Each structure stands twice: as C-alpha cells, then as structure tokens.
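Overview (structure and organization)
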Amino acid sequence: MQINLDNIIKGYTGRLIILFGICLLGSFILVWRLWDVQIKNGPEYTKEVANQSIRKIRVSPVRGRISTSDNVIIADTEPQYNIVLHFSEMRQSGRNSRKKTITYILNLLEEIAENIGRINTVTKKKIQRHIYQYTAIPFNAFKDLTPRELARISEKMPKYKGLEIQIKYIRTYPLKKFFAHTLGFTGRRKPSQENLEEKRKAFYVFHEPSGRCGLEKTYDKTLRGKPGIHMVRIDISSYAHNKLPGGIPVENGNELILTINSKFQRAAEKVLIGKTGSIVIVNCNSGEILAMASSPTYDLSKLTAKEYQGIIFDILL
C-alpha cells in the first residue's frame, strides 16, 4: 500500500492553520477584554471596589451653648461616658467563628457588668444584629457611666481587648425651669430631605438632637454645626480593619448669646410663682428683650417629648 505524504501534509497544514486562527482569535478577545477591564473601565471598577471595602461614618458635632447677656449658661452640652466594644478585635478563630465570637462577647459583657456593678441587658439577638448590620462601628454596651463606674472599669481596661470608653455629648439645661417656654428643647430629628442627603454622604448616619421648639428650633442650624466624615476600611466580613486618612472634619455649633439678663429673668419668674400669667421686660431705648417669663412652667432638665405633648394638651383644655 502506497502512502501519499503530500496529501497528508496538506491535510495537517489546513488543520494547523484553522487551529492557529482560533488561538489567535481567542488571544485577541482576551487582550481586548483585559484592555476593557484594566484600562478603559479600570478607574470605574477601582472606585466600585473601594466603595465596597470602605465605610464612611458620620461624626456628630457638639451643639453650641446658649447663654444670657451676663454670661450665664442656660443650655449646654455635657459629656456622657459610655463603654463601647470593637467586635473586630474580639473575633474568635476556628470553625463557627461567628458563633464563638458572640458567645465570647456575651461572657465578656457579664464580666464587665459584674465589675462595674450593673445588670447586663444586652441580648444575643442585639449582638447578632450589630454584627450583621453595623460591624464597622463600635457597639454601645453600657451608657452614662457614673464616676465610680468609670473608675472601676478604667482599672480593668488593659485586661479587656477591644474595649473603649467613648464620649457622647448630650444636651443639658443646668437652670432647669429658667426661661423654659422661650428656650425650648431638643429631640430626635424628623425624616426630611436633608436627612436623606446626609445618608447618601455616609454609610452610617447617627443623627444628633435638633431643636424641636423655641430658640432651640429657631436657631437650630447655628447651634447644630456641621457633621464630619471619617472613613474605615473593612474586610470581607465587614469588620473594621483600620482607619483611613482624609474624610471631612467636624465643625461644632456656634454659641448663641441672648439679650436676656439672668437677674431680670429670675426676678420676673419669682413674681409669677403660684400665679398664672406672663411678664416681658423690654429695653425701651434699644428694643432688647431683657426678660420673658410665663407661668405655669416646666423643668427642661426632666422634660420628654411625651410629657411636653401632655402639657400642651392640658393648656388647650
């Protein structure tokens, strides 16, 4: 049997040309996709990856003071000391690491509660919710520590990894019933377009109190200040990895100084004790209001939104 080598070589040559063409086409498609991903759309993909691994956290400003013309502070912002936990520093390794972490945190909270003399009210469900939704931010475990509690936990701080004393500023009214009707009070901010815009700027938004009535509401933007932003990098499990430079610095609120004179105001309120009525003292030369008192009144240091609604309801009746 005679084999025709020329025909065999020609057959293989045709197949090699087709195979080479397929490889060349595949290489071209691969190079084109690499160019599209890394060069053409590279910046966009890089930005998306950064957005997935970076969390912007809104930092609340300190609300400005309100004082009288003779430098008596009638609305202030005081520090409240809270115990917070950084779950990223408490992660347990091995199988079922998340379950082990939750158990470890619960046991730690019981130990801290016993140390400062409190009852632990944090539940497993609350810890789970924080891990799944707010892992990148500290968990608020115990609020408003007394000086004694603060001293006791400070002694044990080196023992507890991931524990921090965090300061939160709250609105206070040191003179209680002084100038209450006109001064007003603060409360949680209502949903608004401004709130929605703030949520777009930051991944985690915690709204500070805003003025609900009186001068607190009228001059709310002046007193409130401007919130800042700080950024943290998170890992695949959404735990905070490290803080990043940049962000937006916080601008604390401005102080509001009134024309009210504390001596005149006290005198007017003293006259109205046990009576129903109001007194306004005005400087005839300048038009400045020196005192504005009304009775009956209420204690701003103990007032809640629910109690205020009850007072308004009683007045209308």
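Please refer to the structure placed before this passage.
Here goes a summary of the coordinates provided. This one's a predicted model, so the numbers in the text were calculated from it and none came from an experiment. (Residues numbered from 1 in each chain as written. Predicted model: local features only at pLDDT ≥ 70, side-chain atom pairs only at ≥ 80, totals over all residues. Heavy atoms only, no water.)

**Side note on the overall build of the chain**
- Secondary structure summary: the chain contains eleven helices and twelve strands in total.
- With 317 residues in all, the chain has 33% of them scored as buried.
- The contacts of the chain with a sequence gap of at least 6 include a subset with a gap of at least 24, amounting to 71%.
- If you sum the accessible surface of the chain, you get close to 21100 Å²; carbon and sulfur atoms cover 57% of it. (Helix = DSSP H or I, 4+ residues; strand = E, 2+ residues; numbered from the N terminus. Buried < 20%, exposed > 50% of the residue type's maximum accessible area, 1.4 Å probe, protein only. Contact = heavy atoms within 4.5 Å. Areas by Shrake-Rupley, 256 points an atom, 1.4 Å probe, with all protein chains shown as cover.)

**With respect to the packing of helix 3 (residues 97-116) against helix 5 (residues 147-156)**
- Packing of helix 3 against helix 5 leaves a shortest axis separation of 9 Å and a crossing angle of 130°. For the element pair helix 3 / helix 5, the angle class is oblique. By crossing handedness, the relation of helix 3 to helix 5 is classed as right-handed. Contacts between helix 3 and helix 5 involve Ile-112, Asn-115 and Ile-116 from the first element and Arg-148, Glu-149, Arg-152, Ile-153 and Lys-156 from the second.
- Residues of the contact of helix 3 with helix 5, tallied by class, amount to three nonpolar, one polar and four charged. (Axes fitted to C-alpha atoms, helices over the stretch in contact; angles between N-to-C directions. Parallel < 35°, antiparallel > 145°, perpendicular 65-115°, else oblique. Left-handed = near helix turned anticlockwise from the far one by under 90°. Nonpolar A, V, L, I, M, F, W, Y, C, P; charged D, E, K, R; others polar.)

**Some details on a nonpolar patch on the surface**
- Where nonpolar side chains cluster on the molecular surface, the patch consists of Leu-25, Phe-28, Ile-29, Trp-32, Trp-35 and Ile-39 and spans about 690 Å² of accessible area.
- Its place among the elements puts Trp-35 in helix 1 (residues 5-40). (Patch = residues over 30% accessible without salt bridge, like charges linked within 9 Å, V, L, I, M, F, W, Y side chains within 5 Å. Salt bridge = Lys/Arg side-chain N within 4 Å of Asp/Glu carboxyl O.)

**Focus: the pattern of salt bridges**
- According to the stated counting rule, one finds eight salt bridges in the structure shown.
- We note a salt bridge from Arg-63 to Glu-216, for which the minimum N-O separation is 3.1 Å. With Arg-63 in the loop between strand 1 (54-59) and strand 2 (66-67) and Glu-216 in helix 8 (residues 214-218), this pair connects stretches of sequence that are 153 residues apart.
- Its relative accessible area of 0% is what places Glu-216 among the buried residues.
- Here Arg-171 makes a salt bridge to Glu-216, at a shortest N to O gap of 3.0 Å. Linking Arg-171 in strand 5 (residues 163-172) with Glu-216 in helix 8, this pair joins segments that are 45 residues apart in sequence. Here the two residues Arg-171 and Glu-216 agree in accessibility, since each one is buried.
- One network of salt bridges, with partners in common, ties together Arg-63, Arg-171, Glu-216, Asp-220 and Arg-224.

**Brief notes about the packing of helix 3 against helix 4 (residues 124-133)**
- Where helix 3 meets helix 4, the closest approach of the two axes is 10 Å, and the angle between their N-to-C directions is 125°. Relative to helix 4, the element helix 3 lies oblique. Pair helix 3 / helix 4 crosses with right-handed handedness. Every residue of helix 4 that contacts helix 3 at Arg-98, Ile-102, Ile-105, Leu-106 and Leu-109 is listed here: Lys-124, Ile-127, Gln-128, Ile-131 and Tyr-132.
- Residues that form the contact of helix 3 with helix 4 fall into these classes: seven nonpolar, one polar and two charged.

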